[in-house]
Amino acid sequence: MSKQETCKTEAETSWPPTSEAQAHGPDYDTDHDHEPGHGASPDTVADANAGLGVGTAPFKAGASALALGLATAACGGGDSGGSTGGGGTGGGGGGGGGGGTGGTPPPTVVTPSTDTEAARFGLRAGLSITPADISALRSLGYEPWLEREIDQPIELTSQQFLSARGFEDVTDDRWYNRSAPADWMIWNQLLTGGNSVRKRVALAMSEFFVVSANNLPLWPGSAIGAYWDILNANAFGNFRDLLEQITLNPAMGAFLNMLGNQKADPETGRVPDENFAREVMQLFSIGLFELNIDGTVRTDNAGTPLETYDNEDVTGIAKCFTGYSYDFSDNIQFSSPPSNPRQRVPEARLVHTAMTADPAARQPVGVDTHSPEEKSFLGTTIPAGTGAQETLRITMDTLFNHPNVGPFFGKQMIQRLVTSNPSPAYVRRVAEVFNNNGSGVRGDLRAMFKAILLDDEALAQSSLDDPTFGKLREPMIRFAQWGRTFGAQSASGLWLMGSLASPFERLGQSPLRSPSVFNFFRPGYTPANSQAAENDLLAPEFQLVNETSSAGYINFMESTIDGTGRWMADIKATYDDELDIAHDTSALIDRLNLLLSGNQLSDASVSTIRQALDASAVPQSANRNAKLAQIHRAVLLVMASNDYLIQK
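Residues numbered from 1 in each chain as written. Predicted model: local features only at pLDDT ≥ 70, side-chain atom pairs only at ≥ 80, totals over all residues. Heavy atoms only, no water.

Sorry, what's going on with the overall build of the protein here?
Tallying secondary structure elements over the protein gives 27 helices and eight strands in all. Across the 648 residues that make up the protein, the buried fraction comes to 57%. Carbon and sulfur atoms form 50% of the exposed surface of the protein, whose accessible area is close to 24,000 Å². (Helix = DSSP H or I, 4+ residues; strand = E, 2+ residues; numbered from the N terminus. Buried < 20%, exposed > 50% of the residue type's maximum accessible area, 1.4 Å probe, protein only. Areas by Shrake-Rupley, 256 points an atom, 1.4 Å probe, with all protein chains shown as cover.)

The following block contains the structure:
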């Protein structure tokens, strides 16, 4: 089997012995997607214009056409990519810090000198930016503000959200085999509350350690929620701890077949499943090829890339991940939905608990399915007879200490947060911090993410004029930013927003619903026949972009912004902070330009948007609906512009 081939994404193993249908009996329902918001037909511009009661249909259609025109260039990928230059000139703005006449001078605190610089930084570091954030950044400086954000305690876990709303109860709603609560939970996390920086980092890591809610067999909402809680809790912890917790997470176990993976059986010819074994190396730790510390590929004398592992390594490490299943040791209870007393469903708490290889904690009790064989991989040999717990420790340490991890993981996190094409020097600086945080600690994610966001190359104001620097804002990031910026609220408190994955009628991307373990896009993707390809630049997020998704995005955002889309039945924005300036076109554009794009709109884009808004200007005495209509038009035009879509 080739290392590059696509893996299975459907979980085929569940608690005992092979499937949830077997475990629960013939009444077990595997249809996850009969929730509100699923399966709606596409909204066209014409459909959205009909009967809205705000503005005029002709202008609204014109605004949509203008928005589509502003966004069309995104299909080509021409301006995507990232810097291929050196470390830049350092952050904009002045320095802080005091002096003194003796001893070691205090470190200089770099501060943004303008609101633009502050907004640009905040939009990279978090999911949105507010005027208060901008003020705090300018007052505190980049690093102190970032430290303050990192230190915020987690406000709400997925388990707290789901259990408080009854989504972990065994009822006739069958939450135990419906995936919709996964969407409701993650949209609540991304659209509201504090911890914006932590959540932004966790979301970036969800595209590296990929698990998808699409094919989880038991309590899918709770299972993916437990996975999200691990990412959120460990966003600024240590990579080694995170890797082990992700490995033992039941959602990951179901997604990549480690759950229920058994030792070899010579009589039947069974061998350990290699799915997780392959992906934990290829995708979650070391990658396919040996890397220099700056992320460049190591080659032999003939220029051929050096592979990090071969099939013997896969076979060897696969044995390490045998014997694991759900942990029933903490008095897990079973109950039945009222309409089917014969069906026995375990508590949702089961999927919040790490998997175990302890025979006494599994069902059936007493069956040890961990491989006792010698295990050799990546230059490490684990002696025969080594227990599952010690085997896992050695395996995790081997992966964690591989020299590839820092540049492999670090470069992809730079791509997710800052720029698609970081220079080798940028990657090297981040990888060096991963290898040693300055105090001899390897894998310190707090130090690494600070290094990514505070690097000279990231802060350099000169990169604003560099056509090779930056990245396409992912659709789900745009949507989260919209909700946070304009006060999205859930009428029910349940956050009933379904999957937005469809590029035809929805957003074209939905968090925690990657179509495969390879994420929504590949880190090495370059769109064919594009300026990015001509300039040998990467543009990963452009793998989501085509003619269909570009038009779909405009249609989706139009009906999202004004709240008329069928998916917006429960969640709507208030636009309270924009109502007082709806009559003042310049003030409205200035506010949106700053908070949405970090003042990246070009003069030409501002002029185009101003002309469109002035064509249907509203007086200060206009009623609330007329003002909201003007705000809706302004937000749509900004969020459809190329200057907004490309984050600098």
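Explain the environment of S616 to me, please; I cannot follow it from the model alone.
Here S616 is to be found in the loop between helix 25 (603-614) and helix 26 (624-640). Note: C-alpha distance between S616 and A626 (ten residues apart in sequence) is 9.9 Å. A polar contact of 3.3 Å, which involves the side chain of S616, links it to the side chain of R633. (Polar contact = N/O pair within 3.5 Å; in protein donor to acceptor, adjacent residues only side chain to side chain.)

What am I meant to see in the packing of aromatic side chains here?
Here a ring pair, both rings aromatic, is described through the centre-centre distance and the interplanar angle of the planes. Applying the stated criterion across every chain, the model contains 26 aromatic pairs. Residues F208 and F209 carry aromatic rings whose centres are separated by 4.9 Å and whose planes lie at 80° to one another, so their mutual orientation is edge-to-face. Here the two residues F208 and F209 agree in accessibility, since each one is buried. Between F400 and F434, the ring centres sit 6.3 Å apart and the planes meet at 65°, which makes this aromatic pair edge-to-face. Of this pair, F400 sits in helix 16 (residues 388-400) while F434 sits in helix 18 (residues 424-435), placing them 34 residues apart in sequence. Here the two residues F400 and F434 agree in accessibility, since each one is buried. (Phe/Tyr/Trp six-rings, centres within 6.5 Å; stacked < 30°, edge-to-face > 60°.)

What's the story with the side chain of R591 in this structure? I'm lost.
Mapping R591 onto the fold places it in helix 24 (residues 585-597). Judged by relative accessible area, R591 falls into the buried class, the value being 19%. Among the polar contacts listed, one links the side chain of R591 to the side chain of E578, at a separation of 2.6 Å. Excluding anything up to four places from it in sequence, R591 contacts P131, D577, E578 and I581. (Contact = heavy atoms within 4.5 Å.)

How should the nonpolar core be read in this particular structure?
It is characteristic of soluble globular proteins that their nonpolar side chains tend to be buried jointly. Of all hydrophobic cores here, the largest spans 174 residues; its most connected members are M205, F209, F284, F409, F449, I452 and W482. With residues near it in sequence (within four places) discarded, F209 still touches Y227, L231, F239, L242, L243, I246, M252, F284 and F409. (Core = buried A, V, L, I, M, F, W, Y, C linked by side-chain atoms within 4.5 Å.)

In this structure, what is going on with unusual backbone geometry? I would like to understand it.
Glycine aside, a negative phi is what most residues show, and trans is what most peptide bonds show. Following Q363, the chain continues into P364 via a peptide bond in cis, with omega recorded as 0°. By the element assignment, P364 lies in the loop between helix 15 (349-352) and strand 3 (375-377). Although it is not a glycine, L512 adopts a positive phi angle of roughly 65°. Inspection of the secondary structure puts L512 in the loop between strand 6 (489-490) and helix 22 (531-534).

Even after reading the chapter, I still don't get the packing of helix 24 against helix 26, so can you show me in this structure?
When two helices pack together, their arrangement is given by the angle between their axes and by how far apart the axes lie. The geometry of helix 24 relative to helix 26 is characterised by a closest axis approach of 10 Å and an angle of 45° between their N-to-C directions. In terms of orientation, helix 24 lies oblique with respect to helix 26. For the pair helix 24 and helix 26, the crossing hand works out as right-handed. Facing T585, L588, L592 and L596 of helix 24, the residues of helix 26 in contact are Q630, I631, A634, V635, V638 and M639. Considering only residue class, the contact of helix 24 with helix 26 consists of eight nonpolar, two polar and no charged. (Axes fitted to C-alpha atoms, helices over the stretch in contact; angles between N-to-C directions. Parallel < 35°, antiparallel > 145°, perpendicular 65-115°, else oblique. Left-handed = near helix turned anticlockwise from the far one by under 90°. Nonpolar A, V, L, I, M, F, W, Y, C, P; charged D, E, K, R; others polar.)

How should I be thinking about the packing of helix 4 (residues 115-125) against helix 24 in this particular structure?
Relative to each other, helix 4 and helix 24 sit at 40°, their axes nearing to 8 Å. Of the possible angle classes, the one that applies to helix 4 and helix 24 is oblique. For the pair helix 4 and helix 24, contact is made by D115, T116, A119 and L123 and by L594, L595, L596 and S597, respectively. Among the residues making up the contact of helix 4 with helix 24, the classes are represented as five nonpolar, two polar and one charged.

I'm lost on helix 13 (residues 275-282) in this one. Help?
For an α-helix, the turn length of 3.6 residues means that residues three or four places apart are oriented alike. In terms of burial, helix 13 is a largely internal element, eight of the eight residues being buried. Restricting attention to buried positions, one finds in helix 13 the residues N275, F276, A277, R278, E279, V280, M281 and Q282.

So what exactly am I meant to see when it comes to the environment of D466 here?
Relative to the helices and strands, D466 resides in the loop between helix 20 (456-459) and strand 5 (471-472). The exposure class assigned to D466 is partly exposed, which follows from its relative accessible area of 21%. Along the chain, D466 and K648 lie 182 residues apart, while their C-alpha atoms are 9.0 Å from each other. For D466, the side chain forms a polar contact with the side chain of T468, separated by 2.7 Å.

Would you explain the pattern of salt bridges in this entry?
If charged atoms from side chains of opposite charge come close, those side chains can pair. Evaluated as defined, the whole model comprises 25 salt bridges. Between R416 and E541 there is a salt bridge, and its shortest N-O distance comes to 2.8 Å. You can see R416 sitting in helix 17 (residues 405-417) and its partner E541 sitting in the loop between helix 22 and helix 23 (547-561), a full 125 residues away along the chain. Of the two residues examined, R416 and E541, each falls in the buried class. A single network of salt bridges, built from pairs that share partners, joins E143, E147, D151, R446 and K450. (Salt bridge = Lys/Arg side-chain N within 4 Å of Asp/Glu carboxyl O.)

What is the right way to read the confidence of the model for the protein from this model?
Caution is warranted with low-pLDDT regions, since their predicted coordinates should not be read in detail. Counting all residues, the mean pLDDT for the protein is 87, and 84% of those residues have values of 70 or more. Segment residues 1-59 is flagged for pLDDT under 50; beyond a separation of four residues in sequence, or across chains, it makes 145 contacts in the model. Confidence drops under pLDDT 50 across residues 72-101; counting only partners more than four residues distant or on other chains, this segment forms 95 contacts. (pLDDT = per-residue confidence, 0-100.)

Help me understand helix 23 in this model?
Taking 1.5 Å as the rise per residue, helix 23 with 15 residues should run 21 Å; its terminal C-alpha atoms sit 21 Å apart, in good agreement. Across the 15 residues that make up helix 23, a large majority, twelve, are buried. Turning to helix 23, its buried residues number three or more, namely S549, S550, G552, Y553, I554, N555, F556, M557, E558, S559, T560 and I561. For helix 23, the N-terminal cap is N546; the gap from its side-chain oxygen to the backbone nitrogen of T548 is 3.0 Å. Downstream of helix 23 by one or two residues, G563 has phi in the positive range, about 80°. (Expected span 1.5 Å × (residues − 1).)

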